[in-house]
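# Summary of structural features
The residues making up each chain are set out below.
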Amino acid sequence: QVQLVESGGGLVQPGGSLRLSCAASGITFSTYAMGWYRQTPGKQRELVARITSGGSTNYADSVEGRFTISRDNAKNTVYLQMSSLKPEDTAVYYCNAQRTPVIRTYDYWGQGTQVTISS
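In short, a report on the structure. (Residues numbered from 1 in each chain as written. Predicted model: local features only at pLDDT ≥ 70, side-chain atom pairs only at ≥ 80, totals over all residues. Heavy atoms only, no water.)

## Overview of the environment of R45
Going by this rule: Put simply, DSSP H or I for four residues or longer makes a helix, DSSP E for two residues or longer makes a strand, and each gets a number counted from the N terminus. Throughout this description, buried means an accessible area under 20% of the type-specific maximum (1.4 Å probe, protein chains only), exposed means over 50%, and partly exposed covers the range between. The contact criterion used is simple: two residues touch if any of their non-hydrogen atoms lie within 4.5 Å. Polar contacts, as counted here, are pairs of nitrogen or oxygen atoms within 3.5 Å of one another; within protein the pair requires one atom able to donate a hydrogen and one able to accept it, and residues that are adjacent in sequence qualify only if both atoms are side-chain atoms.
With respect to the secondary-structure elements, R45 resides in the loop between β4 (33-39) and β5 (46-51). A relative accessible area of 32% places R45 in the partly exposed class. Spatially, the C-alpha atoms of R45 and Y93 are 9.1 Å apart, while their sequence positions differ by 48 residues. Leave out the neighbours within four places in its chain, and R45 touches Y37, R38, Q39, Y94 and W109. At 3.5 Å, the side chain of R45 forms a polar contact with the side chain of Q39.

And the structure:
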């Protein structure tokens, strides 16, 4: 079975840093694009950062310059390094794995990890 397990969430003060990790199993990790999404009550889930199987990255405007996504294919893990954190970054952060061959799209999600930015 496919599993994406997030970790590293917690409470941090504004201006602080935090690193999230997502460990994947049950997939050929290196062939998947990996992403981090976040969601708060009453809002749609939004893309935070994404990294393709080739290593190209994309970021939401709100986190550009503050967050860095990276992957370690040997460990089947994707990371989100978050710096200069703001209260607006408070959300549940979800890990996503996506692969799109010709026949269909494969799309998997982790359970989420809470990130709270507060003084």
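On we go.
## Digging into the pattern of salt bridges
Using the following cut-off: Any carboxyl oxygen of Asp or Glu that lies within 4 Å of a side-chain nitrogen of Lys or Arg is treated as forming a salt bridge with it.
All chains considered together, the criterion is met by three salt bridges. The residue R66 makes a salt bridge to D89 at a minimum N-O spacing of 2.8 Å. Taken together, the residues R66 in the loop between β6 (57-59) and β7 (67-72) and D89 in the loop between β8 (77-82) and β9 (91-99) connect sequence positions 23 residues apart. Under the relative-accessibility criterion, R66 is labelled buried at 12%. Looking at D89, the relative accessible area reads 2%, which means it is buried. Three or more residues joined by partner-sharing salt bridges are found here, namely R38, E46, R66 and D89.

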